[in-house]
Amino acid sequence: MLLWNEIPVWLNEESQQERFAGWLSGREPDWLPFLPFLILFPLCFLGGGGFLNRASSGSKSEEWSESPRDEKPRLVMAWGLSLVVGSVAFLMAHWTSHEFDGLPPAYHDEYSYLLQAETFLNGKWSYPSFKEYPELFNQMHVLNEGEFASRYFPGTGAWISLGMLVSNEWFAHLLAQTFAAIMIFWTGRELANSGTGLLAGLLFALSPGMILFSNLLLAHHPTLVGLTIFLWAFVRMIRTDCLTMSWVAGIGLAYSMICRPMTAAGFGLPFGVLFVWWWIRGSWGIENPEKPLSFRQRSFRTIGLAIPLIIGFAVVMVQNKQITGDLCTSPYQLYTDIYTPRHVYGFNNVVRGEQALGPKVLENYDQWAENLTPQLALKNGFIRIENSWRWTLGIIPILASVIIFLLTMRSDDRRWWLIFLAIVSLHVAHIPYWFSGIFGWHYVFETGPLWILIVAETTRRLWSDRAMSSQRLVCVCWMLFLGTSVLVNLVTIKPVWPATLDRGVAEVRYPRTLYSEFREQIEDLRDQSPAIVFVIPDLSDRSMDYVTNPPSLDGPVLVARISDPDEVESLAALFPGRVPILFDAHTRSFEMLEKGRSQ
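Residues numbered from 1 in each chain as written. Predicted model: local features only at pLDDT ≥ 70, side-chain atom pairs only at ≥ 80, totals over all residues. Heavy atoms only, no water.

Further remarks concern unusual backbone geometry. The residue after lysine 494, namely proline 495, is reached through a cis peptide bond having omega -5°. Relative to the elements of secondary structure, proline 495 occurs in the loop between α21 (469-490) and α22 (500-526). (Helix = DSSP H or I, 4+ residues; strand = E, 2+ residues; numbered from the N terminus.)

Below is the structure:
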């Protein structure tokens with residue numbers, strides 16, 4: 001694959017000159033930095049006797065092979081390592097956050113989650129729509145049909161509100177990154193040993209995609225909090241049959257469900273199938289406990305897992321009732337039905353959506369949807385896999401790890417199959433959606449830590465055979481391979497490659513800067529007076545939407561949406577205590593209506 005992608009670039013004179021005039025590795029340095037290892041690895045394996053047939057034992061280093069299976073596990077050491085992982089994760093996320101100091105969010109979804117968090121902090125599920133003219137405050141991903149509320153499920157808004165309690169909505173996501181990294185350490189330790197957990201945790205903490213998304217107010221990191229709890233507790237429950245772990249797993253899965261239900265379902269499906277099999281048959285099929293539990297004991301654990309999920313469903317149903325008036329109709333579903341019917345989940349979404357068009361459809365945004373066919377679904381699937389590898393660690397490192405992982409799978413701990421199947425299941429769950437995702441992968445973002453666990457386990461298997469001299473060379477080469485990936489992801493080296501993280505930061509900073517400039521110009525124009533800003537949207541730009549407001553619609557600045565500038569005078573009369581300002585999003589020009597001047 002590396003040669004397939006890189007060699008044609010250097011054989012083509014035009015692309016060759018482009019590389020010499022810019023980045024030698026290209027704008028996306030997925031291939032060239034790893035070319036030396038394509039040469040080194042075969043040389044290291046010569047005379048090695050084939051590690052693929054023997055990689056099953058644990059690491060021979062006593063320090064790093066510490067695990068929960070030991071007669072006397074070294075918990076002090078394990079807690080120390082987990083704190084190291086958490087510290088690195090927090091520091092990397094916080095260091096990157098300085099790239100966005102003072103800048104507002106970038107994506108429509110983030111503003112909807114912020115509105116949800118503010119609503120929750122005020123002890124409400126929703127606020128009433130603006131009575132006189134509700135359409136003025138139509139906001140992306142916000143339901144505005146009598147009730148003014150985010151379309152999204154409640155878990156993310158609740159998480160962000162924790163940050164708002166300390167006057168920093170971003171802080172909660174930094175904590176989520178920290179917590180998820182720690183839980184990945186504990187999961188790696190549970191599945192293998194402390195060395196595997198440490199490597200997995202550090203790679204997670206240094207992953208460009210994880211760092212970048214920890215600085216976006218999206219649902220992914222709160223969802224990761226729940227899923228990493230679930231993952232650790234479930235694999236531990238398989239080994240120990242512990243009743244407490246069934247409750248903990250249920251709590252984790254339930255919380256992820258009220259953040260991103262489809263993701264929680266896709267991630268948890270292989271675990272759920274195995275759990276039902278165990279409940280009925282009494283055997284996990286992948287572990288052999290010394291004292292199998294009775295059906296009654298298994299049923300108690302089933303109840304422990306189920307009760308948090310039932311509570312989670314109840315919370316969602318309460319939200320549904322409060323906002324849509326129906327227990328079984330979510331704000332998400334109602335928003336899609338009214339405003340974006342072409343974005344419906346499933347194949348032939350555009351064809352089906354056009355049969356249900358209503359008067360309030362957001363045509364510009366709704367027509368963005370492509371009709372999902374098997375061909376588009378296949379294309380999106382490859383895009384998501386490619387970008388999940390690229391943004392998690394690197395295409396070549398993860399591909400190499402997956403190949404070795406599958407070739408070396410043995411019966412020593414088949415819980416690893418659950419990790420792999422969860423990845424497959426999550427990708428399959430999102431096949432029936434037409435959009436590949438933010439950065440080409442956000443729908444399958446939660447596979448990131450699973451890929452990293454596979455990389456860490458592959459590393460353990462390589463090191464387990466390092467007694468042979470050739471195998472020691474393989475291990476050294478492999479660690480340099482992973483080190484190169486981290487370097488490519490985090491450090492820009494001109495003119496060789498642009499760091500993956502830097503490219504992501506630049507992409508996110510651009511819209512955040514535009515939103516910031518919009519707000520700054522309003523502050524200058526209103527001169528501390530309350531203002532109402534009437535925005536004429538730019539129909540050619542779906543990514544930017546300036547209509548964002550507090551849920552109570554009583555802030556010092558309100559932003560409204562209009563289509564006809566001639567309506568401004570009559571609409572301004574609805575806000576007698578506010579300075580009216582007109583903003584044309586296409587020309588990015590402001591007009592102070594009272595003063596008759598423009599900027």
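We now examine the nonpolar core. Counting residues in hydrophobic clusters, the biggest one holds 119 residues, and the most contacted among them are Leu212, Phe213, Phe234, Trp284 and Phe439. For this core, the leading source of residues is helix α10 (residues 220-240), giving 12 residues. Beyond its immediate chain neighbours, meaning those up to four positions away, phenylalanine 439 contacts Tyr107, Leu212, Phe213, Asn387, Trp391, Gly504, Glu507 and Val508. Counting residues in each nonpolar core, the second largest holds 20 residues, with Tyr515, Ile522, Tyr546 and Ile581 among its members. (Core = buried A, V, L, I, M, F, W, Y, C linked by side-chain atoms within 4.5 Å. Buried < 20%, exposed > 50% of the residue type's maximum accessible area, 1.4 Å probe, protein only. Contact = heavy atoms within 4.5 Å.)

Relative to strand β3 (residues 147-150), strand β1 (residues 127-128) runs antiparallel, the two sharing 2 bridges. Along β3, the bridge assignment pairs tyrosine 127 with phenylalanine 148. Relative to β3, strand β2 (residues 142-144) runs antiparallel, the two being bridged by 3 bridges. Counterpart to leucine 143 in the pairing with β3 is alanine 149. The turn linking β2 back onto β3 is made up of 2 residues, and glycine 146 within it adopts a positive phi angle of 90°. (Pairing = 2+ DSSP bridges.)

Pairing is antiparallel in the open sheet, where 3 strands are placed in the order β1-β3-β2. The outermost strands of the open sheet, each flanked by one partner alone, are β1 and β2. Across the sheet, helix α5 (residues 108-121) is in contact with β1, β2 and β3; its angle to β3 comes to roughly 115°. (Axes fitted to C-alpha atoms, helices over the stretch in contact; angles between N-to-C directions.)

Attention now moves to the environment of leucine 482. Among the structural elements, leucine 482 can be located in helix α21. For leucine 482, a relative accessible area of 4% gives the class buried. In this structure the C-alpha to C-alpha distance between leucine 482 and isoleucine 323, which are 159 residues apart in sequence, comes to 48 Å. When neighbours within four sequence positions are excluded, leucine 482 is seen to be in contact with Leu199, Leu393, Val455 and Thr459.

The next thing to look at is helix α12 (residues 261-281). Here α12 contains 21 residues, and its C-alpha end-to-end distance of 28 Å stays within 8% of the 30 Å for a straight helix at 1.5 Å per residue. Of all the bends in α12, the greatest reaches close to 50° and is centred on leucine 269; the proline proline 270 follows between one and four positions later. Taken residue by residue, α12 has Thr263, Ala264, Gly266, Phe267, Gly268, Pro270, Phe271, Leu274, Phe275 and Trp278 as its buried positions. Next to the buried residues of α12 lie α10, α11 (243-257), α13 (295-324), α19 (416-429) and α20 (448-463). (Expected span 1.5 Å × (residues − 1). Bend = angle between axes of the 7 residues up to and from the residue.)

Moving on: a nonpolar patch on the surface. A contiguous nonpolar patch, built from Leu243, Trp247, Phe300, Ile303, Ile307, Ile311 and Val315 and spanning about 570 Å² of accessible area, is present on the exposed surface. Contributions of two or more residues to the nonpolar patch are made by α11 and α13. Ranked by residues supplied to the nonpolar patch, first place goes to α13 with 5 residues. Mapped onto the elements, isoleucine 311 comes out in helix α13. (Patch = residues over 30% accessible without salt bridge, like charges linked within 9 Å, V, L, I, M, F, W, Y side chains within 5 Å. Areas by Shrake-Rupley, 256 points an atom, 1.4 Å probe, with all protein chains shown as cover. Salt bridge = Lys/Arg side-chain N within 4 Å of Asp/Glu carboxyl O.)

Right, let's talk about the environment of asparagine 489 for a bit. Turning to its location among the elements, asparagine 489 is positioned in helix α21. Separated by 481 residues in sequence, asparagine 489 and proline 8 have C-alpha atoms that sit 24 Å apart. In this structure, asparagine 489 is in contact with Pro208, Arg390, Leu393, Ala499, Thr500 and Leu501, ignoring residues within four places of it in sequence.

Let us look at the packing of α12 against α13. α13 packs onto α12 with a crossing angle of 150° between their chain directions and a minimal axis gap of 8 Å. In terms of orientation, α12 lies roughly antiparallel with respect to α13. On α13, the residues touching Phe275, Trp278, Trp279, Ile280 and Arg281 of α12 are Phe295, Arg298, Ser299, Arg301, Thr302 and Leu305. Partitioning the contact of α12 with α13 into residue classes produces 6 nonpolar, 2 polar and 3 charged. (Parallel < 35°, antiparallel > 145°, perpendicular 65-115°, else oblique. Nonpolar A, V, L, I, M, F, W, Y, C, P; charged D, E, K, R; others polar.)

A separate point is the confidence of the model for the protein. Summarising the model, the protein shows a mean pLDDT of 91, and 91% of its residues fall at 70 or more. For residues 52-59, every residue scores under 50 in pLDDT, and the model assigns this stretch 25 contacts once sequence neighbours within four places are set aside. Note on residues 595-599: pLDDT is under 50 here. Beyond four places in sequence and across chains, it has 9 contacts. (pLDDT = per-residue confidence, 0-100.)

Taken as a whole, this structure holds 18 salt bridges when the rule is applied. Ionic pairing is found between arginine 561 and aspartate 545, a salt bridge with its closest N-O pair at 2.9 Å. Pair noted here: arginine 561 is in strand β5 (residues 557-561) and aspartate 545 is in the loop between β4 (531-536) and β5, with a separation of 16 residues, a long-range link. A residue is classified by how much of its surface remains accessible, and aspartate 545, at 11% relative accessible area, is buried. A network of salt bridges, in which partner residues are shared, links Glu28, Asp30, Glu386 and Arg390.

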